[in-house]
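# Coordinate analysis (summary)
Below, each chain spelled out in residue letters.
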Amino acid sequence: MVKIVEVDNLRKEFGAVLAVKDISLEVEQGEIFGFLGPNGAGKSTTIKMLSTLLKPTSGTARLAGYNIAGQPNEVRRSIGLVFQDPSLDESLTARENLVFHAMLYGVPPKEREERMAEVLKMVDLSDRQTDVVKTYSGGMKRRLEIARGLLHYPRVLFLDEPTVGLDPQTRNHIWGYIHQLREREKITIFMTTHYMDEAENCDRIAIIDHGQIVALDTPDGLKRLVGGEVISLKTADDAEAAAAIAEKFGVQVNRDDEGLHFEIENGEEFIPKLFAELRTRIRSVSLRRPTLDDVFLKLTGHAIREEQVSGKDRMRAHVRMRRAGH
């Protein structure tokens, strides 16, 4: 397979803050590649370096064969970029936004009309192309940003938190368009997210935390790192139960506000033994296959920092609603 993105020991420092710590990775042509991690993990900083918006402190990267430091113009012509925050001119129509972008990227006038028609149709905005963008919903704006990013035939499309601040139904629709454009355009998609369910759409995922890649594999490959199934239970005394389970069965038990959680092989066969051996009264028990949440917890020692993420999401959603006139 052709390597469309090659990153070698990329590092970014902001004064005393080390935002990205010597990461290395490769992305294949036509792949949907995901960066999964909480806000502040280094995802957006990495994309900004790969798209030449930030200069690395050290390390190298090549995109479509071009060096991000020595050939920035060639890199920019090879990529499309959908920013985490809205970047459309909301006083213009969708069509006017696309024309302006096409002119900036030197799309020939003869190709411009045909290409705009293609991308607008792809994201279901053909019938709204003459409407002013400020009348659009948040999901429509996101789709227009994706269409704009595709207008100049990029080889790699960067999506920085493409569905942040959107409701679950709109997020699912956006992902439908992303899969469609990968098939139709045959391009590589490099995206960041902190949504675990969203990361399931990727061919491969790099889990990043505190500026470091802690694992890189397919979603199923990452889940196999957990080992076995996950049992969750609540008892009359969780502290006593956790100690007893660790002693009797030799497993590591995680405890949080939702109760106790641990990994075990052959979970269905294990549960009867749990009831027989545990003296503390069990109030509830559940068994499930591992998720990416479990993977992140196992690899980093903590859950993704949703409280930090959610606050930023709420603020972005509020800003988008105000800009849309709601």
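Now for a quick tour of the structure. (Residues numbered from 1 in each chain as written. Predicted model: local features only at pLDDT ≥ 70, side-chain atom pairs only at ≥ 80, totals over all residues. Heavy atoms only, no water.)

## Thoughts on the pairing of strand 2 (residues 17-28)
Relative to strand 2, strand 1 (residues 3-14) runs antiparallel, the two being bridged by eight bridges. When the bridges of strand 2 are listed, Val7 appears paired with Leu25. Taking the residues between adjacent antiparallel strands as the criterion, strand 1 and strand 2 are bridged by two residues, where Gly15 takes a positive phi near 65°. (Pairing = 2+ DSSP bridges. Helix = DSSP H or I, 4+ residues; strand = E, 2+ residues; numbered from the N terminus.)

## Comments concerning the side chain of Thr192
Checked against the element boundaries, Thr192 lands in strand 8 (residues 188-193). The class for Thr192 is buried, based on a relative accessible area of 0%. Those residues in contact with Thr192 that sit more than four places away from it in its chain are Phe35, Lys43, Ile47, Leu159, Asp160, Glu161 and Pro162. (Buried < 20%, exposed > 50% of the residue type's maximum accessible area, 1.4 Å probe, protein only. Contact = heavy atoms within 4.5 Å.)

## Topic: the pattern of salt bridges
The final tally for this structure, using the stated rule, is 18 salt bridges. In this structure, the salt-bridge partner of Glu26 is Lys3, at a minimum N-O distance of 3.7 Å. In this pair, Glu26 sits in strand 2 while Lys3 sits in strand 1, placing the two residues 23 residues apart along the sequence. Of the residues examined, Glu26 reaches a relative accessible area of 38% and is grouped as partly exposed. (Salt bridge = Lys/Arg side-chain N within 4 Å of Asp/Glu carboxyl O.)

## Considering the sheet that holds strand 8
Read from one edge to the other, the open sheet built from six strands follows the order 6-7-8-3-9-10, with strand pairing classed as mixed. Strands with a single pairing partner mark the edges of an open sheet, and in this sheet they are strand 6 (79-82) and strand 10 (212-217). Geometrically, the sheet is characterised by an average inter-axis angle of 15° between neighbouring strands, direction not taken into account. In terms of strand pairing, strand 7 (residues 156-160) meets strand 8 through five bridges, oriented parallel. Bridge pairing in strand 8 links Asp160 to Thr192. Across the sheet, helix 5 (residues 138-150) is in contact with strand 6 and strand 7; its angle to strand 7 comes to roughly 155°. Of the strands in this sheet, strand 3 (32-36), strand 9 (204-209) and strand 10 touch helix 11 (residues 292-300), which is tilted by about 45° from strand 9. (Axes fitted to C-alpha atoms, helices over the stretch in contact; angles between N-to-C directions.)

## A look at helix 4 (residues 109-122)
Its 14 residues place the ends of helix 4 20 Å apart at the C-alpha level, agreeing with the 20 Å of an ideal helix rising 1.5 Å per residue. Within helix 4, burial applies to Arg112, Arg115, Met116, Val119, Leu120 and Met122. Looking straight down helix 4, one finds its buried side chains confined to an arc of 150°; they lie on one side. Turned more than 90 degrees away from the buried face of helix 4 sit Lys110, Glu114 and Lys121, all of them exposed. Contacts made by the buried residues of helix 4 are with helix 3 (94-104), helix 5 and helix 6 (168-185). The first or second residue beyond helix 4 is Asp124, which carries a positive phi of 60°. (Expected span 1.5 Å × (residues − 1). Arc of directions from axis to C-beta.)

## Side note on a nonpolar patch on the surface
Taken together, the side chains of Phe100, Leu104 and Tyr105 present a nonpolar region at the surface, about 330 Å² in accessible area. Positionally, Tyr105 belongs in the loop between helix 3 and helix 4. Of the residues examined, Tyr105 reaches a relative accessible area of 33% and is grouped as partly exposed. (Patch = residues over 30% accessible without salt bridge, like charges linked within 9 Å, V, L, I, M, F, W, Y side chains within 5 Å. Areas by Shrake-Rupley, 256 points an atom, 1.4 Å probe, with all protein chains shown as cover.)

## With respect to the layout of surface pockets
In this structure, the largest pocket spans a volume of roughly 590 Å³. Residue lining of the largest pocket: 20 residues in total, with Asn254, His261, Asp293, Asp294 and Leu297 positioned closest to the centre. Secondary structure elements with two or more residues in the lining of the largest pocket: strand 12 (254-256), strand 13 (259-264) and helix 11. When the residues that make up the lining of the largest pocket are grouped by side-chain class, the tally is nine nonpolar, four polar and seven charged. In this structure, the second largest pocket encloses a volume near 390 Å³. Taken together, 20 residues form the lining of the second largest pocket, with Phe83, His101, Leu104, Tyr105 and Arg148 sitting closest to its centre. At the level of secondary structure, the elements contributing two or more residues to the lining of the second largest pocket comprise strand 6, helix 3 and helix 5. Among the elements that take part in the lining of the second largest pocket, helix 3 stands out by supplying four residues, more than any other. A per-class count over the lining of the second largest pocket returns nine nonpolar, eight polar and three charged. (1 Å grid on protein atoms, 1.4 Å probe; cavity = no way out; pocket = protein on both sides within 12 Å on 5 of 7 lines; lining within 4 Å. Points joined across faces, edges and corners; volume = space filled by probe spheres on them. Nonpolar A, V, L, I, M, F, W, Y, C, P; charged D, E, K, R; others polar.)

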